[in-house]
Amino acid sequence: MTVVTGVTCPVCGTFCDDIELVVKDNVITDVRNACAMGAAKFLNYSTHRNLRPLVRKNGELVEASIDEAVKRAAEILVDATYPILYGWSNTSCEAIRVGVELTEEVGGVIDNTSTVCHGPSVLSIQDVGIASCTLGQLRHRADLIFYWASNPWSAHPRHIERYTMFSEGRFQKSAWRGYLSRLGGIMSRKRLRRAANLVLRRDVFATPEVERRLPYSMFQKKRKMVVVDVRNTRTAEAADYFLQVEPNKDYELLQAFRMLIRDEELDVSEVAGVPVEILEEVADVMVGCELGILFFGVGLTMSEGKLRNVDAALNLTRDLNSHTKFLIMPMRGHFNVTGADVVFAWQTGYPYAIDFSHGYPRYNPGETSVIDILCRDEADASLIIASDPVAHFPQKAAQNLVKKPLIAIDPEVTPTTLMADVVFPSAFVGIEAHGTAYRMDHVPLPLKKIVEPPKTCLPDTEILQRILHKVRKLRREQN
Amino acid sequence: MPKLKVSLLTGRTIDQGKGKEMGKLSKEYSESVVICQMDPNDMKFLGIKESTNVKVITDFGSVVLKAVKSARVPHPKVAFIPYGPWASLIMNPRTHGTGMPSMKGIPAEIEPAPNEKVLSLHDLLGQFRKEGQP
Ligand code: SF4
């Protein structure tokens, strides 16, 4: 039995690097420090997996040798005129680099999951610029933490504990105690309410739509957290204050804050369902903080306004910097989606949605982004790596994706691998293969190899290299 | 039959995150994503109970899901579905020139569908067809 320390967790954008694993006979038997999501991955990763490459013959997926699968995949890519190569956010930077080379070779489009996640944020950052930082700074110094349209409790479970409210910083103390006492209050109120509902058959404790005053803790000189979201979440319950915004109204709310911070008058009584008095008080707290941070989630990029919502958020931070120090950061989802953007950018000049069909990289999201290409039904083949678009793309896009030849590289069995024509089971990067990944604040960290993969499961990098090699060979023969 | 107009949100839940890591074919995963979280008063309006099937309809498709009371209320006329193959069936694929489909704040209609079944993953994928195949 050995204990491996300092392991990075290849699941979410928080990319924790303090995981400890107990390994016995090439099997991970225990996980320390990880959250439920991370632990589920380390302990269950090998339960639903293919061990052998598969190739579709007469409508059925049948086992094949690696060489056969590589040959079939290379043929598909060489025959295609406009293939898309998509995924990348759950693999290593090394594999992504080979992916860019392969896309250039076959004259296709390469895109990563940013396109359906923080793509609009990237567009907006290109327009407006961003005042950001690393997470370590925030851990030690941030005294006002905003989570806007993001629910870290569910999507980035250890973010709050490691970098913000509940982290013990050098200059800012953890606010864990305050939360525990508040939680006690919330729980007993819920219990009372349930009892009252049962006995009296009416809701005497119904929470008012919006609390009309900020709680006392918002005015204390210590770490505080504000959550702005369209629905109440666990994260919102942990916050000192929760602002519930009406769906699709984030833009209005952000602009209202900008006006208040510039000392302009709002001549309405509420914005996006929030009374203006409340907004004024929150704006005062923003201006009065020492170091504020606004983390924003895909709630901004996926709702109406998309990149314009992010424009407003970036501009709000900019305005705030004429009064105090304020920073902003997107809550990136997958552990290496930031790395995918970074590698694409240093290889081609652009962060996602890159079209090589002219022989040189072109970038025009809305035209060269996968969802648009699929909805226009233009792609004639695809290679999907470490991602599951069949499950997560809108139906029309998914349908057009599966009807054309589809190559899937994934360690797991997913709806996408079930619908593919060639499937490569790969080694789990960060568990069975090493590499590099970028945390959401652009800090690169190593992915470790903890256990040996099954013999038939190669690392992503090697699978891609073999396909690339074969593609080059086929093209030489054709010429 | 009563119908309710809602604003539909999709997103992550911790169960979906855990289920995903257990494997996309696991029971945990499908159970975590075939739900539609609603405000209890909205459920009362539709005359349905916890776990009754409902049909969620948007301009882009419809899907049958299990209605559940959401833990944190009130959010009248707002319904939440975790990301997954079922939610994808009714998402708006239009990107408005950004590459990004609209997955939050979609206008939708919910109606009780106690007699309809929730599609299994197998049947759901069966709707997708390869070109040249029946
Ligand atoms: S927060 Fe994210 S990176 Fe950290 S242990 Fe949980 S899943 Fe892994």
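Numbering of residues starts from 1 in each chain and follows the order in which that chain's sequence is written. To read the labels, note that chains go from A and ligands from 1, taken in the order they are written. pLDDT decides what is reported in this predicted model: residues at 70 or higher carry local features, side-chain atom pairs at 80 or more are listed and counted, and totals for whole chains, interfaces and linings draw on all residues regardless. Heavy atoms throughout the structure, all of them, feed into the side-chain values; hydrogens and water do not.

**Considerations on the environment of A:Phe219**
Link 1 in the chain: Here a strand is any run of E in DSSP of at least two residues, a helix any run of H or I of at least four, and the numbering for each starts at the N terminus. Residue position: A:Phe219 is located in the loop between α8 (176-200) and β9 (224-229).
Link 2 in the chain: Separated by 179 residues in sequence, A:Phe219 and A:Ala398 have C-alpha atoms that sit 49 Å apart.

**Quick notes on the site of the ligand**
Link 1 in the chain: Any residue with at least one heavy atom within 4 Å of a molecule or strand is counted as near it. Around the ligand sit A:Cys9, A:Val11, A:Cys12, A:Thr14, A:Phe15, A:Cys16, A:Ala34, A:Cys35, A:Gly38, A:Pro157 and A:Arg158, and that is every residue in its neighbourhood.
Link 2 in the chain: Classes in brief: Ala, Val, Leu, Ile, Met, Phe, Trp, Tyr, Cys and Pro nonpolar; Asp, Glu, Lys and Arg charged; the others, Gly included, polar. Residues of the shell around the ligand, tallied by class, amount to 8 nonpolar, 2 polar and 1 charged.

**Overview of unusual backbone geometry**
All names here are of chain A.
Link 1 in the chain: The phi dihedral of Asp-25 is positive, around 45 degrees, even though this residue is not glycine.
Link 2 in the chain: With respect to the secondary-structure elements, Asp-25 resides in the loop between β2 (19-24) and β3 (27-32).
Link 3 in the chain: The rule is simple: take the accessible area with a 1.4 Å probe, protein chains only, and divide by the maximum for that residue type; under 20% is buried, over 50% is exposed, in between is partly exposed. Judged by relative accessible area, which is 71%, Asp-25 ranks as exposed.
Link 4 in the chain: The phi dihedral of Trp-88 is positive, around 75 degrees, even though this residue is not glycine.
Link 5 in the chain: Considering the arrangement of structural elements, one finds Trp-88 in the loop between β6 (84-87) and α3 (93-106).

**Brief notes about the sheet that holds β2(A)**
Residue and element names in this part refer to chain A.
Link 1 in the chain: Pairing within the open sheet is antiparallel, and its 3 strands lie in the order β1-β2-β3. Edge positions in the open sheet fall to β1 (2-7) and β3, since each of these has one partner strand only. Direction aside, the axes of adjacent strands within the sheet are offset by 30 degrees on average.
Link 2 in the chain: Contacts are assigned to residue pairs with any non-hydrogen atoms lying within 4.5 Å of each other. Orientation is described by axes fitted as lines to C-alpha atoms, over the contacting stretch for helices, and by angles from 0 to 180 degrees between their N-to-C directions. Where helix α1 (residues 36-44) meets the sheet, its contacts fall on β1, β2 and β3, and the angle it forms with β3 comes to roughly 165 degrees. Pairing between strands is defined by DSSP: at least two bridges between them are needed.

**Remarks on the domain arrangement of chain A**
All names here are of chain A.
Link 1 in the chain: Domains assigned within chain A are domain 1 (50-117 + 335-427 + 449-478) and domain 2 (119-202 + 212-330).
Link 2 in the chain: Domain borders in the structure are assigned automatically or taken from a domain database. Taken over C-alpha atoms, the centre of domain 1 sits 37 Å from the centre of domain 2.
Link 3 in the chain: Across the contact, 8 residues belong to domain 1 and 8 residues belong to domain 2.
Link 4 in the chain: Carbon and sulfur atoms supply 55% of the area that domain 1 and domain 2 bury against each other, a total of about 540 Å² over both sides. By convention, the term buried area covers the 1.4 Å-probe accessible surface removed from two parts as they join, with the contributions of both added.

**Observations regarding the packing of α3(A) against helix α14 (residues 337-348) of chain A**
All names here are of chain A.
Link 1 in the chain: Interaxial distance between α3 and α14 falls to 9 Å at its minimum, and their mutual angle equals 40 degrees. In terms of orientation, α3 lies oblique with respect to α14. Here α3 runs over α14; the crossing is right-handed. Residues Cys-93, Ile-96, Arg-97 and Val-100 of α3 pack against Gly-339, Ala-340, Val-343, Phe-344, Trp-346, Gln-347 and Thr-348 of α14.
Link 2 in the chain: Class assignment for the residues of the contact of α3 with α14 results in 7 nonpolar, 3 polar and 1 charged. Comment on the angle field: the value is read as roughly parallel under 35 degrees, roughly antiparallel over 145, roughly perpendicular from 65 to 115, and oblique elsewhere. Crossing handedness follows the turn of the near helix against the far one: under a right angle anticlockwise gives a left-handed crossing, and clockwise gives a right-handed one.

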